[in-house]
Every structure is written in structure tokens, then in C-alpha cells.
Amino acid sequence: MEIVGRHLVLVLSWYNNVSKPDNHLYVLDWIKGDIKLHITRPYGTYSSIVHITEHIFVLPNARQFTLEFWRIPKKPGEPTPTVAEYVLGLPRLNVGRIVGSISCRGEPNPVGEPYDPGDDPSDLMTALVARAPIQAPFIPDPMESIIIFNIRILPTLPPFFGLGIIGNTFTFFVHRRALFDLFLRRHGVGVDLESLGSPSSTKANVDELEEDDDATETASPTPSPSPEPAADLPPIPPSPSTTPATPSHPPGPEPVPFEAWAPRITRWLNSDVLPTRWITTTCGQRCILIANQAVAQEGTRGFPWVVLDFNPSRIRRQLRKEARRKRPPAEGVVGGGGDAGGGRWAAEQSDARTWIVSQAEEINSVDAFSVRSESEGIRTALPYVATASSESFNFEGVLMDEERILGINTDMLDRIQSVRVHYFG
């Protein structure tokens, strides 16, 4: 469930329900109690949602392995969509693999537009909420924040025959604004897709950052409504009523191929050794990760947590530091190759706890994704700066918000036993 402005979006996915009922998504005006949108799809299609603006959201489709863009009707009389307005494709799956689940989150959520109560007293609550004071002097800009997607890939073979095949987990990051720009381009507004780069561009992101020395940190003293150029966007197109929603014949537009939109604006990690049970691991342009204790060797004192910072200003400063030290950028956050496991989690960064990943990396797909050849892997290039903690911890998971990092310990039954708070202000 997500709430942005006066919209409450509820996804009913019926996880592990043996009767496999259809998935339902409801968009409600929580002030008036009106249902503004209702979507029904077969079991296993939807399980999470992330807002781009107050009226635009992304639905990961696990059955088609795509990201669907939907628009909430803004004015009375606008048609209610029954199919996605825009679709982005994800990497092609290998034979014998299916998507088990996709979870996503982007913190903080977009800020809804201010409302004038006018003659409708039911809008008074919204007007008061919109004017609620914010205690923090600065808050992350929702539009510049990153969105995290956790994807679980499973074998299609029955358990008995699939004993030698295990599931894999992948995590990827993308800025909310990058997805918004792609949606605008679909309507001929905003950036050109070519400006977002191509698979052959491996250093363009960093080159642009180095040229722009006057950019500032993306924080805002007060929350502001998310940019939504309603005047530039055409009305919601009427949906075809004759196109059924079935797993074999997905409705809506043809997906944009992964290779055409994702390599330069996303960063993928193989997160098999990362705990992904809790999705609240990002805030603004930062994400916190820690290796799962199940991979720790006996006698070790745990692992450091690592913060990935995708803020262009932070990356630019680190590039200048690296240039002064004449040290080459690191090839990966932990072990290289887009692999989130390996030696660097064991605090082997003896000379520095901070490093930058500015090169394109191939996803360590462990045969989950299909590629045309062994030499043509899936590469992504969104740069980031990684910082490891000076201490190691025996946490089963880590979370973060604007001011705190939370370390979580669980028991044998995966129940939370303790929470350790690291406050950084």
C-alpha cells in the first residue's frame, strides 16, 4: 500500500495462496472514499507499486517481466485506463527460469499537489495535511531519489527435478526522474531517449558529472509537489475494450527493449548474499546494504554495512579526490562484476573505506538471463560512491531513513529480536 497526496493505492497479491485468485489493484481517493481505478490481473502478476508523481505510478509485472506505467485520472470525465500507458522491458530470462516476485520502493514518496478546500468541507483535512510543518531543515527531493527493485528468479522445474537449480536474487537502482523522463518522452515531452545513452556508453555519465562543477546537493528545505507537466501531456488515451489481459497476450503497448533504455541509467547487482526481506533500505539517493550472515565463515565478526550514494554531487567530489590521489576507480562494490558478494564485504579496503564505481559492469546473472553470446553480457553503468563502516556487525538486515541506520537481528524462526540504531543526524 502507498499513499501519495489524496491517492491511496492498494495491491492485493495473495502471496502463496493455493487457490491462486486474481491480483487486484485499487486506487482510492482517501478523502472522499471514491475508487478512481481498479485493475485485475491473473495471480502472480502484481505485488508492489512505486509512484513517479502523484498521478503516475509504476507497476512491476512479474508475469511479463516488465515495468508498467499507469496514469490516475486527474479530472472528472477522463477515461479510466484498463491497460498500461507505457511499458519498459527487463532482461530476457533464460530457458527454465521464471520471475518469483518483484518488490520496489522509492523513499521519500512524491508530494501531492496542495488542495484548496473551496466549498467542499471534505477537502479541509487534505488542505491541513498539506500544510503540516516539517521538522527537518532539509529533506531529500523525491524526484531525485533512487528507486530500488528486488527481483527473485526461480527455476520452472518441479522441486524434485530442480534440486540442482537454486533461485537467484537481483537488485537494481534507477533515479525516479530518469523513469519520469522516459514517460515524458513517450508523449514527445522532455528528453530524447538517445540522450540517456546506449549499451556502448560506459563512461558518459561520469564525463557529464565532471563537466558540471556548479551542481548542488539534491536536498530541499521544504517538500514541494512533484513536477507533473499536465499541460504538456495529452489526456489519458481510451483503452481498447477488446484486448483481454492474459499471460500469453499482454494488453497495452509493446515494451521498450531493456537494451534501449536501461544500461546507462540503471545499476544492477547480484544480491544472492544480501538480505532482501526488508525493502526500506533506501532514502533519497542513498542505499544501505550488508552481507547475509549465512555466508559468514565461522569465527568471523560479521560484515561492515556499505552505503551506496548515487548523488551526482557526491560522485563528482569523489572523482576529484581519486584524481588527486591518482588512484584508479574500483571495479565493483564487492568483488566486481556487479556481484554483491565477495571479499570487499569483509572490510578488505584497508587503505580506504570509500571508493567509487564509475565504469559499466556486467551483471553476474548466473544463467538467469539470456544473452546472445558469452562476450555480450548485460551491462549497466549508473555510477555511485560506496562507503563501508569502520566496524563489522552481525546483522540479518539493515534499514535506513533520513537520520538513522537500523541494524536488525532475528532468531532461528526469522523473528526480530533486537534493533540497533545508528544515528547520523
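For the structure itself, consult the block above.
Quick look at the structure, then. (Residues numbered from 1 in each chain as written. Predicted model: local features only at pLDDT ≥ 70, side-chain atom pairs only at ≥ 80, totals over all residues. Heavy atoms only, no water.)

**Section: the sheet that holds strand 1 (residues 2-4)**
In a beta sheet, neighbouring strands pair by backbone hydrogen bonds and run either parallel or antiparallel. Reading across from one edge, 1-2-3-4 is the order of the four strands in this open sheet, with antiparallel pairing throughout. The open sheet has two free edges, formed respectively by strand 1 and strand 4 (34-41), since each of these has just one partner strand. Looking at each pair of strands side by side, their axes are set apart by 15° on average, direction ignored. Note that strand 3 (residues 23-29) and strand 4 share seven bridges and pair antiparallel. When the sheet's bridge partners are listed, Val 27 is paired in strand 4 with Leu 37. (Pairing = 2+ DSSP bridges. Helix = DSSP H or I, 4+ residues; strand = E, 2+ residues; numbered from the N terminus. Axes fitted to C-alpha atoms, helices over the stretch in contact; angles between N-to-C directions.)

**Re empty space enclosed by the protein**
Following the criterion strictly, the structure yields two cavities of 30 Å³ or more and no others. Space inside the largest cavity adds up to approximately 120 Å³. Around the largest cavity, the lining is made up of 16 residues, and of these Pro 275, Thr 276, Thr 281, Ile 288 and Leu 289 lie nearest the centre. Going through the elements one at a time, strand 11 (146-155), strand 16 (286-289) and strand 22 (397-400) are the ones with two or more residues in the lining of the largest cavity. Looking at the lining of the largest cavity element by element, the count peaks at three residues for strand 22. Residue composition of the lining of the largest cavity, grouped by class: 10 nonpolar, six polar and no charged. (1 Å grid on protein atoms, 1.4 Å probe; cavity = no way out; pocket = protein on both sides within 12 Å on 5 of 7 lines; lining within 4 Å. Points joined across faces, edges and corners; volume = space filled by probe spheres on them. Nonpolar A, V, L, I, M, F, W, Y, C, P; charged D, E, K, R; others polar.)

**Some thoughts on helix 2 (residues 176-186)**
Structural remark: α-helix, 3.6 residues per turn; residues separated by three or four positions point the same way. In terms of residue burial, helix 2 counts as a mostly covered element, since eight of its 11 residues are buried. Those residues of helix 2 that fall on the buried side of the exposure criterion are Arg 176, Ala 178, Leu 179, Phe 180, Asp 181, Leu 182, Phe 183 and Leu 184. Positive phi shows up at Gly 188, right after helix 2, with a value of about 75°. (Buried < 20%, exposed > 50% of the residue type's maximum accessible area, 1.4 Å probe, protein only.)

**Considering unusual backbone geometry**
For the bond running from Glu 107 to Pro 108, omega is 0°, close enough to zero to count as cis. Of note, Pro 108 is situated in the loop between strand 9 (97-105) and helix 1 (124-130). Despite not being glycine, Asn 16 has its phi angle at roughly 60°, a positive value. Relative to the helices and strands, Asn 16 is located in the loop between strand 2 (7-12) and strand 3. Not every positive phi belongs to a glycine, and Lys 20 is a case in point at roughly 50°. For Lys 20, the position within the fold is in the loop between strand 2 and strand 3. Since its relative accessible area comes to 54%, Lys 20 is described here as exposed.

In short, geometric facts, not functional conclusions.
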